[in-house]
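Spelled out from the first residue to the last, the chains are:
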Amino acid sequence: MPKLKPKSDIGLIGLAVMGQNLALNIADHGFQISVYNRTTETMDSFVAENPNTPGGVLGCKQIKNFVQSLKRPRKIIILVKAGGPTDAVIDTLIPLLDKNDIIIDGGNAKWTDTIRREKDLKAKKLRFVGSGVSGGEEGARFGPALMPGGDPAAYKHLQPIWDAIAAKVDAKTGRPLEGAEPGAPVKGGVPCAAYIGPNGAGHYVKMIHNGIEYGDMQMICEAYDLMQNVLGLTAPEIGKVFARWNKGQLDSFLIEITADILQQSDPITGKPFVEVVLDTAGQKGTGKWTSVNALDMGVPAPTVAEAVFARFLSAVKTERVAAGKILKGPSKRFSGNKTAFIRAIHDALYCSKICSYAQGFQLMREAQNEYNWELNFGQIAQIWRGGCIIRAVFLQKITDAFKRKPKLANLLLDPYFNKTIQKAQSNWRKVVSTATEQGVAIPTFSSALSYYDGYRTARLPQNLLQAQRDYFGAHTYERVDKPRGKFFHIDWPEKDRPQLKV
Ligand code: 6PG
């Protein structure tokens, strides 16, 4: 067992799966880490199972000893359930800490909670970093994407550790780099970690990552559904299509695992594994937060919202089974060219993905006005290139777009994305119309297409809507022939001609 130093470089509270993996990742990079867990046995066995890490793991049974075991300013990562449990740990720590010590929340916290915590702790002369951590167990262990926000001076103390443990990508290609063997530290490359902004900015960006993750996952499910129910392909056949797609524009972690999943058979029945999985989706709330935030800020982000609703609709399984016996759809069968339609689904997926990311970046743009942040969108896309769940080659295109034009109003307006959609949109429309004709639900594909069509339409039918509002509620309207910001109302007569009142 390596000799431990008198004081650890960093501490971690919460040894559930993510906590254990992150602690080992930190220790693997030569940092000594103190660990504390509410259930002492979990901590004891974790320390016993990991006696030979390069940095060393120091187990602490008492939270007081844990705090005292750390170098100052102390850096303490909390990885417990978001919400009440995080507040409870912070409350326990406060009386034990000294001025300028740093608490780091690595959970999926709601950004508004992070803003509140940072403010409260600042008043107590303590510092707080709310850091998004993405990549699941594997990412935490061998290289997550990290999105830290909060006090920038506090982050300076954390940065060497965050940069060391983060996933790395090649500076030029943006492709994730791997170590010499699985799990071995990566040499060189750009870390998928960067300071995002003050108070809740890091957790906000992590939430948007998750909203986008919801969209990506639902789009992949729609592509699978179309190949299964319109084209009649088997799960392993669809898996092969995804494996092929993973070599091109759609190259990403989620497409890669989808290919694996669809080719996996169930160890009990021998059937394709996906066929034995119940079709009701769970969720922990980050996609919902993203959608509620979009509604609160008045930003059109329908694709993420549709992905959340699709999970909710899937969850009412009993109702759906009953409704399916009563509600009939079309009985049309596909008679076209299968290979061409698979290509069309690919294009529909890619175009919808572009729209979904465009919406995510619109949200971040609005949030920075709302919270007075200055977000670096190119850098955010760069952080997401490796380690996280939405990691994809495509993110490099987003980084390039913001490099070309840092104040880009919408990703759709970037020449690359514009051209890509122009080329692929007839296939996208074919998929949406075929799915509609055949009665297959494609909420994200179709909402993304409506977003695209709506966004590029100079005159939408909301002129009529404004007139309706003015008719029944005297809500007033603006005129096309008068400057913006001047509001008018017509006295709607019973059945006579309206009289214009200016
Ligand atoms: C990540 C993930 C992770 C998230 C899970 C589950 O970036 O590592 O986003 O943070 O918690 O993907 O989310 P749902 O249970 O809501 O699907």
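Below is a short write-up of the structure. (Residues numbered from 1 in each chain as written. Predicted model: local features only at pLDDT ≥ 70, side-chain atom pairs only at ≥ 80, totals over all residues. Heavy atoms only, no water.)

A few words now on the overall build of the protein chain. Per the secondary structure count, the protein chain includes 20 helices and eleven strands. Overall, the protein chain is about 85 × 65 × 50 Å in size when its C-alpha atoms are taken along their principal axes. A buried classification covers 49% of the 502 residues belonging to the protein chain. A separation of at least 24 residues holds for 68% of the contacts in the protein chain among residues at least 6 apart in sequence. (Helix = DSSP H or I, 4+ residues; strand = E, 2+ residues; numbered from the N terminus. Buried < 20%, exposed > 50% of the residue type's maximum accessible area, 1.4 Å probe, protein only. Contact = heavy atoms within 4.5 Å.)

Attention now goes to the environment of V292. Along the chain, the position of V292 falls in helix 12 (residues 286-297). V292 gets classed as partly exposed once you look at its relative accessible area, which sits at 40%. Taking the C-alpha atoms as reference, V292 lies 8.4 Å from A305; in sequence the two are 13 residues apart.

In this fold, S291 is placed in helix 12. Take S291: its relative accessible area is 13%, and that puts it in the buried class. Beyond its immediate stretch of four places on either side in the chain, S291 contacts V304, A305 and V308.

Moving on: the sheet that holds strand 7 (residues 145-150). Across the sheet, seven strands lie side by side as 3-2-1-4-5-6-7; this open sheet has mixed pairing. For this open sheet the edge positions go to strand 3 (57-59) and strand 7, each flanked by a neighbour on one side alone. The average angle at which neighbouring strand axes cross in this sheet is 25 degrees, direction not considered. Pairing of strand 4 (residues 75-78) with strand 5 (residues 102-105) involves four bridges; the strand directions are parallel. Along strand 5, the bridge assignment pairs I77 with I104. Contacting strand 5, strand 6 (127-134) and strand 7, helix 5 (residues 111-123) crosses the sheet at an angle of about 155 degrees to strand 6. (Pairing = 2+ DSSP bridges. Axes fitted to C-alpha atoms, helices over the stretch in contact; angles between N-to-C directions.)

Moving on: the packing of aromatic side chains. Applying the stated criterion across every chain, the model contains 21 aromatic pairs. Between the aromatic rings of F242 and W245, the centroid separation amounts to 5.2 Å while the plane-to-plane angle is 75 degrees, which identifies the pairing as edge-to-face. Separated by three residues within a single helix, F242 and W245 lie in helix 9 (residues 235-245), roughly one turn from each other. For the residue pair F242 and W245, the accessibility class agrees, reading buried in each case. Taking the centre distance of 5.0 Å and the plane angle of 45 degrees together, the rings of F334 and F341 count as tilted. The exposure class of F341 is buried, given its relative accessible area of 3%. Members of the aromatic cluster, each reached through a chain of ring pairs, are Y350, Y357, F394, Y416 and F417. A cation over a ring is seen here: K397 above Y416, with NZ or CZ 4.7 Å from the ring centre. (Phe/Tyr/Trp six-rings, centres within 6.5 Å; stacked < 30°, edge-to-face > 60°. Lys NZ or Arg CZ within 6 Å of the ring centre and 35° of its normal.)

In the region of the ligand, 13 residues are neighbours, and N108, S134, K206, E213 and Y214 sit closest. The side chain of N108 places a nitrogen or oxygen atom 2.8 Å from an oxygen atom of the ligand. Between the ligand and R311, the relevant distance is 2.8 Å, taken from an oxygen atom to a side-chain nitrogen or oxygen of the residue. Take the shell around the ligand: its biggest share by element is five residues, from helix 8 (residues 201-229). (Near = heavy atom within 4 Å. Polar contact = N/O pair within 3.5 Å; in protein donor to acceptor, adjacent residues only side chain to side chain.)

Below, the discussion takes up helix 20 (residues 462-473). For helix 20, which comprises twelve residues, the first-to-last C-alpha distance of 16 Å matches the rise-based estimate of 16 Å (1.5 Å per residue) to within 8%. Immediately downstream of helix 20, the backbone of A474 shows phi near 50 degrees, a positive value. (Expected span 1.5 Å × (residues − 1).)

Quick look at empty space enclosed by the protein now. Scanning all chains against the criterion turns up three cavities of 30 Å³ or more. Those elements that place two or more of their residues in the lining of the largest cavity are helix 8, helix 10 (253-262) and helix 15 (338-371). Here the element with the most residues in the lining of the largest cavity is helix 8; it accounts for three residues. Of the residues in the lining of the largest cavity, the class split is eight nonpolar, one polar and three charged. Its volume calculated, the second largest cavity comes out at about 60 Å³. (1 Å grid on protein atoms, 1.4 Å probe; cavity = no way out; pocket = protein on both sides within 12 Å on 5 of 7 lines; lining within 4 Å. Points joined across faces, edges and corners; volume = space filled by probe spheres on them. Nonpolar A, V, L, I, M, F, W, Y, C, P; charged D, E, K, R; others polar.)

Turning our eyes to something else, we now look at the packing of helix 15 against helix 19 (residues 443-455). At a minimum axis distance of 9 Å, the contact between helix 15 and helix 19 shows a crossing angle of 65 degrees. Relative to helix 19, helix 15 is oriented so that their crossing is left-handed. Of the residues in helix 19, those in contact with I345, A348, L349, S352, C355, Q359 and Q362 of helix 15 are T444, F445, A448, Y451 and Y452. Across the contact of helix 15 with helix 19, the residue classes tally to eight nonpolar, four polar and no charged. (Left-handed = near helix turned anticlockwise from the far one by under 90°.)

Looking now at the layout of surface pockets. Taken as a whole, the second largest pocket encloses approximately 860 Å³ of empty space. If you trace the second largest pocket, you find 38 residues lining it, with E138, P176, L177, E178 and R391 closest to the centre. Broken down by secondary-structure element, the contributors of at least two residues to the lining of the second largest pocket are helix 1 (17-28), helix 6 (136-142), helix 7 (152-165) and helix 10. Taken together, the residues of the lining of the second largest pocket sort by class into 15 nonpolar, eleven polar and twelve charged.

Here we come to the pairing of strand 2 (residues 33-36). Judged by which residues are buried, strand 2 turns out to be covered on both faces: I33 and V35 on one side and S34 and Y36 on the other are all buried. Where strand 1 (residues 10-13) meets strand 2, four bridges bridge the pair, whose relative direction is parallel. Across the sheet, residue I13 finds its bridge partner in strand 2, namely Y36. The handedness of the strand 1 to strand 2 crossover, carried by helix 1, is right-handed. Looking at chain direction, strand 2 and strand 3 are connected through three bridges and run parallel. (Right-handed = clockwise from strand over helix to strand, strands pointing away.)

Along the chain, G139 falls in helix 6. In this structure G139 comes out as buried when scored by relative accessible area, which is 5%. Here the alpha-carbon distance between G139 and I63, two residues 76 residues apart in the chain, equals 27 Å. Once residues within four sequence positions are removed from consideration, G139 is found in contact with N25, P144 and G387.

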